[in-house]
Amino acid sequence: MSTDSAWVRKVLAEVLRTDADLDAFCLDRMPDVASRFSRGMDRIEKTNLILRIEQPETVLRLLRDTHRTATERAEALLAKQVATEDSKGVTPAGYRTAHARRRWSETDGLRRPVLTIELRRTDAGTIEPSYFLHPDDDVTARPEPISFRASRGSPVLGPKYVVDGLSGTDAINAVLDRGQEHLLEQHLTGKAALDAGAVLFEVLFPSDAHWQAVMLRVRGLPQEAPEEVMPTQEWLRLRICTAVPRLQSLPWRLLSWEGYFLADHNWTMELVPAVQVQTRVKLTVPCKLLIVAPQYHGMADVGTKRHLASLRSALCERLASWDSPLLWREVQTRKHLVGALSGMQPDVLYYFGHGSLTAGGLPSLELGGPDDKADPLLLSDLLRLLKDNPPQVVLLNGCMTGAKGFHGAGHQLVQTVPIVISQRTTAFSGHAAQLAQRFFQRFLLDGNDPALALHHLDDLYSRTDFQWSTTMFHTSYASCQVHTHQPPGPTKDAAKRLDRRDPKARVDDELMALKKSSSCRVHALLVCGAPGAEVDHFAWQCTDHLVRNKDRRLLRFELGELPPSGSPSFVAQLDLSLRRAVGADEGEALEHALSKRLRQPIDAFWIDFGTIRPGPDQAVPIRKWLSYCCDFLSAHCPRAGRIVASLGIELPSDELPEMESEVRAYQDELRQSGGLQAFRCDYLQPHASITEDDLHHFFDDSDNTSCPVRLRRKAAKLIFLRSTGAYAEAVKLIERGERERWDDSYFSALDPDSRKIDEHKKKRRIE
């Protein structure tokens, strides 16, 4: 029986299904490992830590001792799966099986493949590339080298790039070093830019055999595969590692193949100091942002005030707390910079001003206030200032900050700062300001990976200029996560978070199953309850729980009310309401309107169809609604998207079993006709009653209530007694407590005798 890390990883996932099970197992059997778990670690990170500290054989032995039956069952199941795959054909190690292969360009939340290319100078003076593919499940693990046989041959991609007698990379560097606008426009735009990008591609892949072998491996195919894979078919996080100075200074974002900029095909390019990096960047926003914006005497105006006002407005519009001086600070002089770095200890350092090359030819930042002369700060001096409390991100919008190879900002800072962005040439102020604002919005506000945030261009932006390609991007991070800090205290709807734990957990399981399914596109949730069950709150409760506690990515749309059950245009009216909710243009197909919302990966669209309360003689259009979800929504769901459709129905208790039976009958009909491939439906019935433990669980979370800690047990007990366990009444009492700030009059209203009891206890303490 295999005991390698991959096998043990699968067994752990089968036996210890929840994070709580994994934590308990480690606390009992591997306390040294458990002590190294941090609060923000997810399950993958914990599993990676376990297998880095303990041998796989040890972990498996402890698992068998603790959960023998479950472990034996899991190993037998996995062994059967391996045998089944082997019977279909042996797949070389490191490749995906044929049935598991898929288009990486389907951005449905998969981690993009990470390819590192190491460029080394040979004794003969040529550049030799080596290729490494990083594992999908752990980007900090040792990458796997890609081995194949291929002669260098002669370059086959496009004409040579020649400028003033220089060719290839020497010509590109010469244009960048001179940095004059007319030369950059002449040699780094249009066809000239594509020719320069072709040169860069030839450096990375000297022949078609090189890139074909690498693309096959990225795709998960063996080298003998008959199909040809083109670079434009894949999306990659490309990491370039080199100790050759002239390669460090190249604009790798220009990378092109056969007339296509690969940045337009979801490739991102970055320079890294090593093939394998371990750093995991975790940033909680709003974070501390230190802005160095000099305005020294005689400095040419670059629109600093206008740019910073626009940037601040954009950030504060989404997160108002960024307006605090604790999180946003602007400095101009070296003295204030030194004080801010030690006192504020920023997460992000942003420089917007003039950069220059000193007399020694080294890049520097020009500092100073209105009464000062320009004060050059060498990048090596900046590195020394950052050593003790380095930020996570440094963005230097200054001329030539990314120039001079090893003397540039990226190479100088990246060993200390995991994300460094600088300018290879003159930083033209208008474009530099747009780049920074676009980057910070997509990175800090939208939570995009910094490589994706930097490489993104708006749809209306043209590549007819050169400035998009001259930004340098150096990194030393393996993964990056941005979390939005939840403000303390309850929201106006916090009382709705009471209970519903079982159905919310069930919905989360169904959402994850929907996301992983290759065929199912739509999952319909019919939420039925008696009066008092507050079924109209359920959609909000679920989406709030999934986003807040499970970090699920959802886009929610509310449609209001269903059309009358007898309406002959029932489907047409639903379609019109949904199109309005998603913001579809006139004449635009619903699928296209939803596809526009997939600019960043999400887990699902959540469509809330509201709640209906049918009268005594009014028919419930349940069949029509389910058919609409099954036939219409499934047909118009984007290929890379998923839809959760929810509908609440409030009925008398004696009518609920009949409604459940109708839903089960519809499921059976779909199952018999094979209609459950692209559509699934579920019946949920939240209870109209709660227990006192449910209230204690609610009050244990400070995000739910502003009730003082010392009064929470008392509040839970009295609310339960006053509501007699009725869900709707308990929610109203909690909302009233928030309005009245949980004062004595509120508790007296809950229980008139409570105040007398409190006064009696106080009197006894005094005596």
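Residues numbered from 1 in each chain as written. Predicted model: local features only at pLDDT ≥ 70, side-chain atom pairs only at ≥ 80, totals over all residues. Heavy atoms only, no water.

Draft legend 1. Representation of the pairing of strand S13 (residues 348–352) within the structure. Counting buried residues along S13, five of its five residues qualify, which places the element largely inside the surrounding structure. Here S13 shows two buried faces, one formed by Val348, Tyr350 and Phe352 and the other by Leu349 and Tyr351. Bridge analysis of strand S11 (residues 289–292) against S13 gives four bridges, and the strand direction is parallel. Within S13, the position partnered with valine 292 by the bridge is tyrosine 351. Here S13 pairs with strand S17 (residues 393–397) via five bridges, running parallel. Across the sheet, residue tyrosine 350 finds its bridge partner in S17, namely leucine 395. (Buried < 20%, exposed > 50% of the residue type's maximum accessible area, 1.4 Å probe, protein only. Helix = DSSP H or I, 4+ residues; strand = E, 2+ residues; numbered from the N terminus. Pairing = 2+ DSSP bridges.)

Draft legend 2. A look at the pairing of strand S18 (residues 419–423). When you tally the buried positions in S18, you get five out of five residues, the bulk of the element. Residues Ile419, Ile421 and Gln423 point to one face of S18 and Val420 and Ser422 to the other, with burial holding for every one of them. The sheet contact formed by S17 and S18 spans three bridges and is parallel. Across the sheet, valine 394 pairs through a bridge with valine 420, a residue of S18. Examined bridge by bridge, S18 and strand S19 (residues 471–475) share five bridges and lie antiparallel to one another. In the strand pairing of S19, valine 420 is matched with histidine 474.

Draft legend 3. Expanded view of helix H13 (residues 334–343). Three or more residues of H13 are buried, namely Leu337, Ala340 and Leu341. Viewed end-on, H13 has its buried residues packed into an arc of 100 degrees, placing them on one side of the element. Those residues of H13 that are exposed and angled more than 90 degrees off the buried face are Lys335 and Gly343. Those residues of H13 hidden inside the fold are in contact with S11, strand S12 (328–331), S13, strand S15 (363–367), strand S16 (375–378) and helix H14 (379–386). Looking one or two residues beyond H13, the residue adopting positive phi is glutamine 345, at roughly 50 degrees. (Arc of directions from axis to C-beta. Contact = heavy atoms within 4.5 Å.)

Draft legend 4. Local environment of the sheet that holds S15. Overall, antiparallel pairing links the three strands, which are arranged S14-S15-S16 in an open sheet. Looking at strand neighbours, the two that pair on one side only are strand S14 (355–357) and S16, the edges of this open sheet. Averaged over all adjacent pairs, the angle separating strand axes in this sheet is 40 degrees, with direction ignored. Note that S15 and S16 share four bridges and pair antiparallel. Across the sheet, leucine 367 pairs through a bridge with aspartate 375, a residue of S16. (Axes fitted to C-alpha atoms, helices over the stretch in contact; angles between N-to-C directions.)

Draft legend 5. Local environment of the sheet that holds strand S22 (residues 554–558). Strand order in the open sheet formed by five strands is S22-S23-S24-S21-S25, and the pairing between neighbours is parallel. Both edges of this open sheet fall to S22 and strand S25 (679–684), since each of them pairs with a single strand only. Strand-to-strand twist of the sheet, defined as the mean angle between neighbouring strand axes without regard to direction, takes the value 20 degrees. Sheet topology note: the strand S23 (residues 604–612)/strand S24 (residues 643–650) ladder contains six bridges and is parallel. The residue of S24 that forms the bridge with threonine 611 is glycine 648. In the packing of helix H23 (residues 656–673) onto the sheet, contacts are made with strand S21 (522–529), S24 and S25, and the angle to S25 comes to roughly 165 degrees.

Draft legend 6. Fine view of the confidence of the model for the protein chain. When pLDDT is averaged along the protein chain, the result is 84; 89% of the residues meet or exceed 70. Scored below 50 in pLDDT, residues 153–158 makes ten contacts in the model with residues more than four places away or belonging to other chains. Ignoring residues within four places in sequence, the model shows residues 755–767, a span with pLDDT below 50, making three contacts including any to other chains. (pLDDT = per-residue confidence, 0-100.)

Draft legend 7. Here's a closer look at helix H20 (residues 570–582). Over its 13 residues, H20 runs 19 Å from end to end, which matches the ideal 18 Å to within 8%, given 1.5 Å per residue. Three or more residues of H20 are buried, namely Phe570, Leu574, Leu578, Arg579 and Val582. Down the axis of H20, the buried set is contained in an arc of 160 degrees. They therefore lie on one face. One or two positions beyond H20, positive phi appears at glycine 583, with a value near 75 degrees. (Expected span 1.5 Å × (residues − 1).)

Draft legend 8. Structural detail: the pattern of salt bridges. Summed over all chains, the structure comprises 34 salt bridges. As a salt-bridge pair, arginine 178 and aspartate 164 come within 3.0 Å of each other at their nearest N and O atoms. One end of the pair, arginine 178, is in helix H7 (residues 168–178); the other, aspartate 164, is in the loop between strand S4 (162–163) and strand S5 (166–167), with 14 residues separating them in the sequence. Given the relative accessible area of 63%, aspartate 164 is considered exposed. (Salt bridge = Lys/Arg side-chain N within 4 Å of Asp/Glu carboxyl O.)

Draft legend 9. Expanded view of the nonpolar core. One finds Leu119, Tyr161, Leu188, Leu204, Leu238, Trp252 and Leu255 to be the most contacted residues of the largest nonpolar core, which totals 51 residues. Looking at this core, the elements that each hand over two or more residues are strand S1 (114–121), strand S2 (127–133), H7, helix H9 (190–204), helix H10 (208–219), strand S6 (237–242) and strand S9 (268–272). Tallying contributions element by element places H9 first for this core, with seven residues. Those residues in contact with leucine 255 that lie beyond four places of it in its chain are Gly197, Leu200, Phe201, Leu204, Leu238, Tyr260, Phe261, Leu262, Trp267 and Met269. Listed in part, the 43 residues of the second largest apolar core include Val522, Leu526, Leu578 and Val582. (Core = buried A, V, L, I, M, F, W, Y, C linked by side-chain atoms within 4.5 Å.)

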